[in-house]
Amino acid sequence: MATPMLRWCCPGRRWIFAGIGGGSRHGRGVPTGSTSSGKRGQSSVAQQPLITAQKPRKGEREWAAVVGLEIHAQIASNSKLFSGSQVDFAAPPNSLVSFFDASLPGTLPAGYQITQQRLPIAVNGSLAYSVCVGQRWSQMVTRTVGVKQIQLEQDSGKSLHDNLRSQTLIDLNRAGVGLLEVVLEPDMSCGEEAAAAIRELQLILQALGTSQANMAEGQLRVDANISVHHPGEPLGVRTEVKNLNSARFLAKAIDYEIQRQISELENGGKILNETRSFDYKLGCTVPMRDKEGKQDYRFMPEPNLPPLLLYDSGSLPTGADPQQVIDIDQLREQLPELPRVTREKLVRQYGMRPEHSFALLNEVGLLEFFQNVMKETRAEPKKVTSWVLNTFLGFLKQQNLAVSESPVTPSALAELLDLLDRKAISSSAAKQVFEELWRSKGKTPAQMVAEKQLELMQDAEALELLCRSTLETHPQVVTDVKKGNPRAINKLIGLVRRATLGRADPTVIKEVLERQLSS
């Protein structure tokens, strides 16, 4: 492979994008284990593991797991990295392939992948993420994983295996698509940590506009490197689980592989340095290929790529055309608000719980929907948050819809919440109206309330008479209430609501009944 890379040229001042060769791509993987004995190196970010790989029974030795990740994010671009071919996930196989992509004779490059592997564009960073350490969202802690390096490279073609016909077909639509590869240090110890880190990285990439990071469409793929060992002893032999395309499957694959390795070692077996895949239907990892004694990749320089010069404000040449140079300080000033800052603002501005701020950001478009509702309603933020995260998001999940596909608009939900806020309708009526909004378009919440006569009773005297009549016609229930039966009062409330066709506020009914019972 050719390797255009980022070369340090002048400390704190200037970087040169240049091509150099040599090395084995296999060797650059996250060092979560080894094929021979060796002590674990000092991580760039020291931290305590969330859990041990497996809690030992009495008399058994403890195990520790080491997890590192390699993430490939498809760059948000309409064309490929070095060709004009379009990028479209839904395109028919081999319909977006130029001569260059297919490596036909007379074109360059001829059948190899271009990567910045040896001198990446960024090194020695960190990624902070939050993970739940208990059964409740409130028991969250912030952890940090080191970012070993970030680099650009081309995607490869895709193999399509037809087991029934014993054939493998090749789709080159993906070949040459630009990828951002992020290599994380082996600072994690379980699937839950890895999944939380990936979710945070996904949000950051989406906020920056770097990648749409849709894992279902292969725009964000993860390789997990996993090993186990006894604390204080050398690292174990690592395995690599390839091409995980959901955070949930990532967590399951890692936790399964940890337990598989422990079981194998405790039963006298040994761990092979191999590549495995995750079978989501069976919930287990299966072997793909053995890495022992093999060199998966070779590298060579790419002479056809010119240097890419990067500057900061201190090294920017005098009189340089801003359109012709890359100023990293200027880019830093243009960075949008990152997810962590957004969550902190939500908690501070609306007084919402931290877990609710996470939920709003974790679903694409949900935060914008929430904010648009807040702009148009007088309802309290707590009520809006509840409706958006419980009712609205619940309906989306049931129908497997994205926020952008919702039949209920922010304006419609805002109007509905206003009706509820000024006590024009009850909570149960509001849910009924929401269901109608979901099923049919063209009518406002107010129109639906009027058509179905769902307005709350505003005649206090009439409600007093209904409550008095209910008490008189149900003496046994009244006796139960006076004996301290907590369910009896609810029965009376239900009877009154039935008499009002659900148009009376349960809270108001309870107040009237309790006053009449005590008089």
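The structure reproduced in this document is the subject of the present report. The shown structure was predicted, so the numbers you read here are calculated from the model rather than taken from an experiment.

**Some details on the overall build of the protein chain**
The helix and strand tally for the protein chain stands at 15 helices and 14 strands. A buried classification covers 43% of the 519 residues belonging to the protein chain. Partitioning the contacts of the protein chain with sequence separation of at least 6, the portion at a separation of at least 24 is 67%. With an accessible surface of roughly 27,900 Å², the protein chain has 50% of that area assigned to carbon and sulfur atoms.

**As for the pairing of strand S9 (residues 220-229)**
Burial analysis of S9 places 10 of its 10 residues in the buried class, the great majority of the element. Across 10 bridges, strand S3 (residues 64-74) lies against S9 in antiparallel orientation. From the neighbouring strand, Ala65 faces S9, where its bridge partner is Val228.

**As for the pattern of salt bridges**
Scanning the model with the defined rule gives 19 salt bridges in all. Overlapping salt bridges bring together Glu257, Arg260, Glu274 and Arg276 as one network.

**Comments concerning the packing of aromatic side chains**
Following the criterion strictly, the structure yields nine aromatic pairs and no others. Ring pairing ties together the aromatic residues Phe369, Trp387, Phe392, Phe395, Phe434 and Trp438, which thus form one cluster. Over the face of the ring belonging to Phe358 we find Arg343, whose NZ or CZ atom lies 4.1 Å from the ring centre.

**What to know about helix H3 (residues 247-266)**
Compared with the 28 Å implied by 1.5 Å per residue over 20 residues, the 29 Å span of H3 between its first and last C-alpha is a close match. Along H3, the positions that sit buried rather than exposed are Ala247, Phe249, Leu250, Ala251, Ala253, Ile254, Glu257, Ile258, Arg260, Gln261 and Ile262. On the buried face of H3, the contacting elements are S3, helix H2 (191-208), S9, strand S10 (239-244), strand S11 (274-279) and strand S12 (284-290). Two residues or fewer past H3, Gly268 is found with a positive phi of approximately 85°.

**Observations regarding the packing of helix H8 (residues 381-399) against helix H10 (residues 427-439)**
Put simply, H8 and H10 touch, their axes get as near as 12 Å, and they point 40° apart. You can see that H8 and H10 cross each other, and the crossing is right-handed. Counted together, Trp387, Thr391, Phe392, Phe395, Leu396 and Gln399 of H8 and Ala430, Lys431, Phe434, Glu435 and Trp438 of H10 form the full contact between these two elements. Class assignment for the residues of the contact of H8 with H10 results in seven nonpolar, two polar and two charged.

**Considering the pairing of strand S5 (residues 140-154)**
For a regular strand, side-chain orientation follows a simple rule: the groups alternate between the two sheet faces. Pairing geometry for strand S4 (residues 122-132) and S5, over 10 bridges, is antiparallel. Across the sheet, Val123 pairs through a bridge with Gln149, a residue of S5. Both S5 and strand S8 (residues 178-184) contribute to a ladder of seven bridges, which runs antiparallel. Considered in S8, the bridge of Ile150 is made with Val182.

**What about helix H7 (residues 366-376)?**
When we look at burial in H7, the residues that qualify are Leu366, Leu367, Phe369, Phe370, Val373 and Met374. For H7, the angular spread of the buried residues around the axis is 160°, confining them to a single face. With respect to the buried face of H7, the exposed residues turned more than 90 degrees away are Glu368 and Lys375. Residues of H7 that are buried sit in contact with helix H5 (339-350), helix H6 (354-362), H8 and helix H9 (410-421).

**Some thoughts on the packing of helix H13 (residues 475-482) against helix H14 (residues 486-499)**
Relative orientation of the contacting elements H13 and H14 amounts to 140°, with a least axis distance of 7 Å. With respect to H14, the axis of H13 lies oblique. When you trace H13 past H14, the crossing you get is left-handed. Every residue of H14 that contacts H13 at Val477, Asp480 and Val481 is listed here: Ala488, Ile489, Lys491 and Leu492. Taken together, the residues of the contact of H13 with H14 sort by class into five nonpolar, no polar and two charged.

Conventions used here
- Residues numbered from 1 in each chain as written.
- Predicted model: local features only at pLDDT ≥ 70, side-chain atom pairs only at ≥ 80, totals over all residues.
- Heavy atoms only, no water.
- Helix = DSSP H or I, 4+ residues; strand = E, 2+ residues; numbered from the N terminus.
- Buried < 20%, exposed > 50% of the residue type's maximum accessible area, 1.4 Å probe, protein only.
- Contact = heavy atoms within 4.5 Å.
- Areas by Shrake-Rupley, 256 points an atom, 1.4 Å probe, with all protein chains shown as cover.
- Pairing = 2+ DSSP bridges.
- Salt bridge = Lys/Arg side-chain N within 4 Å of Asp/Glu carboxyl O.
- Phe/Tyr/Trp six-rings, centres within 6.5 Å; stacked < 30°, edge-to-face > 60°.
- Lys NZ or Arg CZ within 6 Å of the ring centre and 35° of its normal.
- Expected span 1.5 Å × (residues − 1).
- Axes fitted to C-alpha atoms, helices over the stretch in contact; angles between N-to-C directions.
- Left-handed = near helix turned anticlockwise from the far one by under 90°.
- Nonpolar A, V, L, I, M, F, W, Y, C, P; charged D, E, K, R; others polar.
- Arc of directions from axis to C-beta.
- Parallel < 35°, antiparallel > 145°, perpendicular 65-115°, else oblique.

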